Amino acid sequence: MKLLQKTSLTLFALLFVFSFSEAQEIIKDSVKVTTPKVNSSKRQKVDGIIATVGEYIVLDSDIDKSFLELSSQGNSIKDITRCQMLGKLLEDKLYAHQAIQDSIIVKDEEIRERMNQQMEYMVEQLGSIDKVVKYFKKNNEEDFRTDLFEILKQQKLAAEMQSKIIADIQITPEETRNFFKKIPNNEKPVFGAELEIAQIVVTPKISPEEKQRIIQKLKDIKKEVEEGASFKTRAVIYTDDKGSAATGGFYKINKKTGFVKEFKDVAFSLEEGQISEPFETEFGFHIIYLEKIKGQDLELRHILMMPKVSIADLNDAKEKALLIKKKIENKEISFADAARTMSDEKETRANGGTLINPKTQDTHFELTKMDPELYSQVSNLKDNEISEPVLEDEPRTGKKYKLLIVTNRIDEHAADYSKDFTKIRELALKEKQINAIGKWTNEKIKETYVKINGEYRNCDFTNNWLKND
């Protein structure tokens, strides 16, 4: 679709955030590249500054690191040139530079939390922190952490700047219609085959004995801390919240933060230095230690313990799922009504178990872009066929059984304005956002100090980094 192929890649936050197939397509469509004749042996010997944007510099090795990051994720880099990668890095530096000029604040605690999560993932993939350090060619863990922290901070600044640029951009139905009319018939986007899916979730019932065991353990930890033990250390050891384990259960929240109501109700009822009694949410049992109150923000630590599900509990849940399936197949109740009255998943109960696609926020799941696990669970289902109970072990909520059904199938088709309005509106909005970012980028390049050194001046960028009038 040529209308979108001519746009800049700058709409999208970071090369490493979205999938490589999207990144590669965006890169190819947005940067005209002449690969510079760079002496590779010289580059290996000298890691010089190849570009400057505001107060930020780009080293030759930064391009190598970007390629390394992509390849470490199993992505092909054979069609991406050094010029293309430099163009992307220059844009990121420009956003980060302007974010500082606009006094956009990025909190170090957020960066550390994200850094710890990434390092945890890297260690899991490579086996040890020493292997991670070696893989990324750092001298030691401290150097690696320092470098990663700075990279993540710049990425966050860039993302916040982009969000600010497009924050107030909206698209009207008339703009959407005009966008669609401009697309020639032979270039209209083709939407792949899609499914609409519904599910019923049966969560194993936890025995009272297991609940009491967890509550007592949390009470024991609370007592130990009140007698002088470190809550942070206890969180590292005991919490089942993998996202906060490395930081000792630390979170910074306010009333707008996306935590469940029960958690926020307890957190905002505490005084500084106070530890809550154990309380329950959909994720398990918690205790919270409130460290500081800073205006509307709370700095706290928490420990989550998820009750263990016994084999008997699991078997009971499976039997319940099978009974529900039988009632639906015997026409005693519809799938939608069974979901409304019998499913344990409150997010989908109200709409009859219909799943919402987290990527598009509608009910359609394109087959080629569907989560592989979900695809394997529904791809062989016939119309109106209900799956056997599927056991799922979700890290945040634990084990549960699901019944799945495909409620609608939509064949691959060229975009239709009335049927695909939501998707077309998103494309129109993206084009409008891209144009806004492109205009902003051109203006900021003119007023920002930018210098490209050496052979990289031979790159033919879409953006006027060389400031050739």
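The preceding data block contains the structure.
In this text the structure is predicted, and so the values were computed from the model without any measurement.

Student: Teacher, can you tell me more about the sheet that holds strand 13 (residues 450-452) here?
Tutor: Each strand in a sheet pairs with its neighbour through backbone hydrogen bonds, running either in the same direction (parallel) or in the opposite one (antiparallel). One open sheet accounts for 3 strands, arranged 2-1-13; its pairing is antiparallel. The two strands at the open ends of the sheet, each matched to only one other strand, are strand 2 (56-59) and strand 13. Going across the sheet, the axis of each strand differs from the next one's by a mean of 20 degrees, ignoring polarity. Two elements, strand 1 (residues 49-53) and strand 2, share 4 bridges in a ladder whose sense is antiparallel. Residue pairing across strands places Thr52 opposite Ile57, the latter belonging to strand 2.

Student: I tried to follow the environment of Met161 on my own but got confused; where do I start?
Tutor: Here Met161 shows up in helix 8 (residues 141-166). You can call Met161 buried: its relative accessible area is 1%. The sequence separation of Met161 and Ala99 amounts to 62 residues, and the corresponding C-alpha distance is 5.3 Å. The contact partners of Met161, leaving out residues within four places of it in the chain, are Tyr95, Gln98, Ala99, Asp102, Ile104 and Trp440.

Student: What should I look at first to understand the nonpolar core in this one?
Tutor: Nonpolar side chains tend to gather and get buried jointly when the protein is soluble and globular. Counting 57 residues, the largest nonpolar core has Ile63, Leu86, Leu90, Phe144, Ile452 and Trp465 as its most contacted members. Aside from chain neighbours lying at most four places away, what touches Leu86 is Ile50, Ala51, Val58, Ile63, Tyr456 and Phe461. Leu314, Ala321, Ile386 and Leu403 belong to the second-largest nonpolar core, a separate cluster that totals 15 residues.

Student: I'm lost on the packing of helix 5 (residues 82-101) against helix 18 (residues 421-447) in this one. Help?
Tutor: Helix-helix packing: each pair is described by the crossing angle between the helix axes and the interaxial distance. Where helix 5 contacts helix 18, the two axes come as close as 11 Å, and the packing angle between them is 75 degrees. With respect to their mutual orientation, helix 5 and helix 18 come out roughly perpendicular. Listed contacts from helix 18 to Leu94, Tyr95 and Gln98 of helix 5 are Ile437, Trp440, Thr441, Lys444 and Ile445.

Student: What is the right way to look at the state of the cysteines in this model?
Tutor: A covalent bond between the sulfur atoms of two cysteines is what we call a disulfide. With the rule as written, the count across this model stands at 1 disulfide. Shown here is the disulfide that connects Cys83 with Cys459, its sulfur atoms set 1.9 Å apart. Across the S-S bond linking Cys83 and Cys459, the dihedral sits near -80 degrees, which makes this disulfide left-handed. Remark: Cys459 occurs in the segment after strand 13 and Cys83 occurs in helix 5; sequence separation between them is 376 residues. The two residues Cys83 and Cys459 agree in class, both being buried.

Thresholds, definitions, all that
Residues numbered from 1 in each chain as written. Predicted model: local features only at pLDDT ≥ 70, side-chain atom pairs only at ≥ 80, totals over all residues. Heavy atoms only, no water. Pairing = 2+ DSSP bridges. Helix = DSSP H or I, 4+ residues; strand = E, 2+ residues; numbered from the N terminus. Axes fitted to C-alpha atoms, helices over the stretch in contact; angles between N-to-C directions. Buried < 20%, exposed > 50% of the residue type's maximum accessible area, 1.4 Å probe, protein only. Contact = heavy atoms within 4.5 Å. Core = buried A, V, L, I, M, F, W, Y, C linked by side-chain atoms within 4.5 Å. Parallel < 35°, antiparallel > 145°, perpendicular 65-115°, else oblique. Disulfide = S-S within 2.5 Å.

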